[in-house]
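# Summary of structural features
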Amino acid sequence: MTTTNKELVEGLRVQAQHVREAILRMVYAANSGHCGGSLSAADIVTALYFHIMRIDPQHPSWEDRDRFILSKGHACPVLYSALALRGYFPQEELGTLRAMDSRLQGHPDMRKTPGLDATTGSLGQGLSLGVGMALGAKLGGKAYRVYVLMGDGETNEGQIWEAAACAVKYRLDNLVAIVDKNGLQNDGPTDAIMPMGSLAEKWRAFGWDVVEIDGHDMAQIVGALDEAKERSHGKPTAIIAKTVKGKGVSYMENVVEWHSGAPTDMELDIALAEIWKGR
Amino acid sequence: MVKQDGRKPISTRKAFGQAIMELGASVENLVVLDGDISRSTYTVEFSQSFPTRHFNVGIAEQNQMGVAAGLALAGYKPIVASYAVFASMRALEQVRTSMCYPRLNVTIAASHGGLTPGNDGVTHQAIEDLGIMRTLPNMTVIAPADGVSLKPLLQQAIAWDGPVYMRLTRDAVPIIYDETDEFHIGKAKQLREGSDVTLIAIGDMVQWALKAHDLLLEEGITARILDMHTLKPLDSEAVIKAARETGAIVTIEDHNIHGGLGGAVAEVLTLDYPVPQGRIALRDTFAESGPYEKLLEKYGLSTDHIVQAVHDVIRKRDRK
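This text gives an overview of the structure that appears in the document. (Residues numbered from 1 in each chain as written. Chains lettered and ligands numbered in written order. Predicted model: local features only at pLDDT ≥ 70, side-chain atom pairs only at ≥ 80, totals over all residues. Heavy atoms only, no water.)

### Side note on the interface of chain B and chain A
We count it as follows: Between two residues, a contact is recorded if the distance between any of their heavy atoms is within 4.5 Å. Note: buried area is the sum, over both parts, of the accessible area (probe 1.4 Å) each one loses when the two are combined. The salt bridge definition used is simple: a Lys or Arg side-chain nitrogen within 4 Å of an Asp or Glu carboxyl oxygen. Note on conventions: DSSP H or I runs of at least 4 residues are helices, E runs of at least 2 residues are strands, and numbering of each starts at the N terminus. Polar here means any residue outside two lists: the nonpolar Ala, Val, Leu, Ile, Met, Phe, Trp, Tyr, Cys and Pro, and the charged Asp, Glu, Lys and Arg; Gly therefore counts as polar.
Taken together, the contact pairs 25 residues of chain B with 25 residues of chain A. When chain B packs against chain A, close to 2000 Å² is buried across both sides, 59% of that on carbon and sulfur atoms. Ranking the residues of chain B by area buried against chain A places Asn63, Leu73 and Tyr101 of chain B at the top, with a combined share of 26%. Linking chain B with chain A are zero salt bridges, by the criterion used here. Counting residues per element, the side of chain B that touches chain A draws most heavily on helix 3 (residues 61-73) of chain B, at nine residues. Per-class residue counts for the side of chain B that touches chain A are 13 nonpolar, nine polar and three charged.

Structure below.
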C-alpha cells in the first residue's frame, strides 16, 4: 500500500466512526430505528460516499452521478448519516429521524431526502431498481455506475435472484451489488432462519464476478470497489462483505435483538466511548 | 361521432402493439419491458424495430416492475407489457413501493383484462385488477373501450406524471370511435344521449352497453351511455351530472363486483348525489374456461342482464 493509500484508508476509517456516532445519536433521538444493520454497513457506505462514488452534494440530481441504492432500507440511519456528513443536508436534521414532518423517513423516501437515489425499505426490490438504472446508463451512453447494498437475510427474497439473472443477461458491468453479510436477520441467525448456503457460489453461478472481503477492513473495501470500477468486460460485480451486526458497540455486536431498537442514555454513552476508544 | 360500421374489431392489446410502433418513433426515450409473452402482448414488432429499447426480462414480473422503475429513474419512459393478473397481483407490492410511492412515470400495459382471456380460464382472467390498482395512491387506472381510443389514451399515459395502469383486452372488441375523436385521461366520453337512465361502462363492456342502448330504445327507454375509460381519477362530475339528469345509473364492468367501477361510482353517488344504482359485474365469484360471450351470459354480464338491470333500477327510482 502506498503512503497516499494509507492516508486515504486511515481517513476513511475515522470518517466511518463519525458515521457510526451519527447513527447512534440519531436512533437515540428517534428512540427507534435499526442500529445493528446500520453499523455493519457503516464502513462500506463510508467508502462509497467519501471516496468511491462520483457525486456532487451541491447537485444531488446531477445526471451523471453514480447511484447508490440501499436495498436494505431499514439501515437508512447509516445512509442519512453519510449524506449529512457529506453535506447533502444539515447534520442537525439527523435528530428528526422518524419524526412528523421530517425529511428523514423511517425507510428511505427519495422524494423527501436530498441525495437519495431510490425509495426502498421493502426488502428484495433494490437490485431490480439498480438493474434498471444500469441499463439506462448503458442505453444512454452514460459512464455512471450503480451500487446496490443489500442484506444477507434479504437474499431470501426471490426477486433478488430474478434481478441477478437479469443483470448478467444485459452485461451490466456498471452495476455492483454488495451483500452486507452480517449473519443475522430479524428473527435470528441467517443459517437458522433460512440457510442460503454459499452466497459467493450462488452469485458466481448466476454469472457475476464475485469478490469476498472483510466488510470492516477499509483497505479491502476500497480495493474491491476500486477493482470493480476498472472492470468493463460485461459482467456485474458482487462483493460479499463479511461483517458484524452492530459493529463497534460491544453490547450490540452479533446480538439479534439489536436489529432494531434505541439505546438508553447510559447505553449511548458506552457506545460512543467504545467507538472512539477503538481508534 | 360514433360509427358502428364495417370496421374490423381489434383487441386493445393488438392496437397497443401498433400504437407503440408509432410512439417508439416519436418518443425517443420510450422503452418496453416484456416478460416472455411478447407475442401475446404484441410487442414483437417493436422489439424488431427498436431492439435496443426492448427488454425481455423473462418470466419474472417482480423484477420486471423494478427494472422499469429503475429505467424511469434513469430518465426513460418505460412501458411494462404483462398480463393483468401478473401486473396487478404477482408484482403488486413492487408496483406500490417501487413505482407508486416515488411516483415514477411508468405505464403498465396489462393485457388479458377481465373475462376476455375466456378459454384460458380463471388463472388468466383478471377480475380484481381494477379494484386493486384503484387503491394505490398516485396510480392512474385506464381501460380503453376500443382500438381507436387506446392510442390517444396511451400517448397521454406515457406523458402522464406518475404511474398508469392500462387494462387491455385479449379478445377483439368492435371499433367504436373515429380517429378524430378526442380523449382526455379523467374525462368520461358520452357515447349516447338519453334521459331515462345512464349506463356507465368501462373497457370491453362499452360495446355491450351500446347494444343494450339499442334494445332499450326499442322499448322507448333512452339511455345515456358513458365510456368511463378512466377509472381513476374518476370523472365524478360526469357521474353527478348523469345522476341529476337521468336519476338512475347502471354501472357495467368486466370485473368482480367489489372495488371496481361500480364501487367507484357508488362512492360518488353516496356522497354527492344519491340515486338508485344497478351493478353489472361478477357476483364475487371466479368464472371458468369458455368462450368470452358465453361467460358473459353465464356470469350475469350479457346485454340481456344489462337491460334487466335497467328495468330494475328504473322501477326502484320510480317507486320513490
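### Some words on helix 6 (residues 158-169) of chain A
Convention followed: A helix is expected to span 1.5 Å multiplied by its residue count minus one.
The first and last C-alpha atoms of helix 6 of chain A sit 17 Å apart over twelve residues, in line with the 16 Å expected at 1.5 Å per residue. The secondary structure elements touched by the buried residues of helix 6 of chain A are helix 5 (126-139), strand 2 (146-151), strand 3 (175-181) and helix 8 (199-206) of chain A together with helix 3 and helix 5 (92-100) of chain B. At the C-terminal side of helix 6 of chain A, Arg171 of chain A shows a positive phi close to 50°.

### Side note on the sheet that holds strand 3 (residues 77-83) of chain B
All names here are of chain B. Using the following cut-off: Here the rule is simple: two strands pair whenever DSSP picks up at least two bridges between them. Only the stretch in contact is used when fitting a helix axis, every axis being a line fitted to C-alpha atoms; angles between N-to-C directions are given from 0 to 180 degrees.
Pairing in this open sheet of seven strands is mixed, and the strands run 2-1-3-4-6-5-10 from one edge to the other. Edge positions in the sheet fall to strand 2 (54-56) and strand 10 (230-232), since each has one partner strand and no second. With strand direction ignored, the average angle separating the axes of adjacent strands in the sheet is 20°. Of the strands in this sheet, strand 1 (30-34), strand 3, strand 4 (107-111), strand 5 (140-142) and strand 6 (164-167) touch helix 7 (residues 147-159), which is tilted by about 160° from strand 6.

### Considering the sheet that holds strand 8 (residues 197-201) of chain B
Residues and elements named next belong to chain B. On the basis of which strands lie adjacent, the open sheet formed by five strands has the order 7-9-8-11-12 and mixed pairing. Each edge of the sheet is formed by a strand with only one pairing partner; in this case those strands are strand 7 (189-192) and strand 12 (277-282). On average, each strand axis in the sheet is inclined to that of its neighbour by 25°, with strand direction left out of account. Pairing geometry for strand 11 (residues 249-256) and strand 12, over five bridges, is parallel.

### Digging into the pairing of strand 3 of chain B
Residue and element names in this part refer to chain B. The test is simple: Between buried and exposed lies partly exposed: a residue is buried under 20% and exposed over 50% of the maximum accessible area for its type, with that area taken using a 1.4 Å probe on protein chains only.
The buried fraction of strand 3 amounts to six of the seven residues, a majority that puts the element mostly inside the structure. Where strand 1 meets strand 3, five bridges bridge the pair, whose relative direction is parallel. Within the sheet, the bridge partner assigned to Asp34 lies in strand 3 and is Ala81. Bridge analysis of strand 3 against strand 4 gives five bridges, and the strand direction is parallel. Following the sheet pairing, Val80 is matched in strand 4 by Ile108.

### Points about the environment of His59 of chain A
Residue and element names in this part refer to chain A. The line we're drawing: Pairs of N or O atoms are called polar contacts if they sit within 3.5 Å, as long as, within protein, a hydrogen donor faces a hydrogen acceptor (for residues adjacent in sequence, only side-chain-to-side-chain pairs).
Position of His59 among the secondary structure elements: in the loop between helix 3 (42-52) and strand 1 (67-70). Among the residues examined, His59 registers a relative accessible area of 48% and is labelled partly exposed. Counting along the chain gives 55 residues from His59 to Pro114, while the straight-line C-alpha distance between them is 9.4 Å. Within the local environment of His59, its side chain forms a polar contact with the side chain of Asp56, the two groups lying 2.6 Å apart.

### Considerations on helix 5 of chain A
Since there are 3.6 residues in each turn of an α-helix, residues three or four apart along the chain are aligned in direction. All names here are of chain A. With 14 residues, helix 5 ought to run about 20 Å at 1.5 Å a step, and its terminal C-alpha atoms sit 20 Å apart, in line with that. Within helix 5, twelve of the 14 residues are buried, which leaves it mostly tucked inside the rest of the structure. Restricting attention to buried positions, one finds in helix 5 the residues Gly126, Leu127, Ser128, Leu129, Gly130, Val131, Gly132, Met133, Ala134, Leu135, Gly136 and Ala137. Within two residues after helix 5, Gly141 carries a phi angle of roughly 65°, on the positive side.

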